[in-house]
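# Fold and geometry: a report
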Amino acid sequence: MNSKPLDYTALALVIIGAVNWALIGFFRFNLVTFLLGDMTLLSRIVYGIVGICGLYLLSMFGRVGTGRETE
């Protein structure tokens, strides 16, 4: 199975989440709350998807460390 598209999608979402955390840390501005509302169902789904993508990317350590990157 070629998981490269999934890897890139997960990586993009985690980067977006990291940028949101940087905005919170530096400027006290939560982009997700600004766009979707404070803990609405949609914002909770976004947070959940970003979290799941972060957990999925933990598997990348095993693939990179053993030289079994997907091609």
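Use the structure listed above.
Let me begin by describing the structure that accompanies this report. All values derive from a computational prediction rather than experimental measurement.

What counts, and at which threshold
- Residues numbered from 1 in each chain as written.
- Predicted model: local features only at pLDDT ≥ 70, side-chain atom pairs only at ≥ 80, totals over all residues.
- Heavy atoms only, no water.
- Helix = DSSP H or I, 4+ residues; strand = E, 2+ residues; numbered from the N terminus.
- Buried < 20%, exposed > 50% of the residue type's maximum accessible area, 1.4 Å probe, protein only.
- Contact = heavy atoms within 4.5 Å.
- Areas by Shrake-Rupley, 256 points an atom, 1.4 Å probe, with all protein chains shown as cover.
- Expected span 1.5 Å × (residues − 1).
- Phe/Tyr/Trp six-rings, centres within 6.5 Å; stacked < 30°, edge-to-face > 60°.
- Patch = residues over 30% accessible without salt bridge, like charges linked within 9 Å, V, L, I, M, F, W, Y side chains within 5 Å.
- Salt bridge = Lys/Arg side-chain N within 4 Å of Asp/Glu carboxyl O.
- Polar contact = N/O pair within 3.5 Å; in protein donor to acceptor, adjacent residues only side chain to side chain.

## Here's the deal with the overall build of the protein chain
Along the protein chain, the regular secondary structure elements total 3 helices and 0 strands. In the protein chain, the succession of α and β elements from N to C terminus is α-α-α. Here the protein chain holds 71 residues, and the buried ones make up 14% of them. When contacts within the protein chain are restricted to residue pairs at least 6 apart in sequence, those whose partners lie at least 24 apart make up 57%. When the accessible surface of the protein chain is split by element, carbon and sulfur atoms take 74% of a total near 5500 Å².

## A closer look at helix H1 (residues 4–27)
Given 3.6 residues per turn, any residue in an α-helix points the same way as the ones three and four places further on. For H1, spanning 24 residues, the distance from its first C-alpha to its last is 34 Å, which sits close to the expected 34 Å at 1.5 Å a residue. Three or more residues of H1 are buried, namely Asp7, Ala10, Gly17 and Asn20.

## Brief notes about the packing of aromatic side chains
Centre distance and the angle of the planes are the two values used to describe a pair of aromatic rings. Enumeration over the complete set of coordinates arrives at 2 aromatic pairs. Ring geometry for Phe26 and Phe27: centres 6.4 Å apart, planes at 65°, overall edge-to-face. Neither residue differs from the other here; Phe26 and Phe27 are each classed as exposed. Centroid distance Phe29 to Phe34: 5.3 Å. Interplanar angle 50°. Geometry classified as tilted. Classification of Phe29 by relative accessible area gives partly exposed; the value is 32%.

## Digging into a nonpolar patch on the surface
Together, Phe26, Phe27, Phe29, Leu31, Phe34 and Leu35 make up an exposed nonpolar region whose accessible area comes to about 710 Å². For the nonpolar patch, the secondary structure elements donating two or more residues are H1 and helix H2 (31–36). Counting residues per element, the nonpolar patch draws most heavily on H2, which supplies 3 residues. By the secondary structure assignment, Phe27 is in helix H1.

## Remarks on the side chain of Ser43
Within the element layout of this structure, Ser43 appears in helix H3 (residues 41–65). Owing to a relative accessible area of 0%, Ser43 belongs among the buried residues under this scheme. A distance of 2.9 Å separates a polar side-chain atom of Ser43 from the backbone nitrogen of Thr40. Leaving out residues up to four positions away in the same chain, Ser43 has contacts with Val32, Leu36, Gly37 and Asp38.

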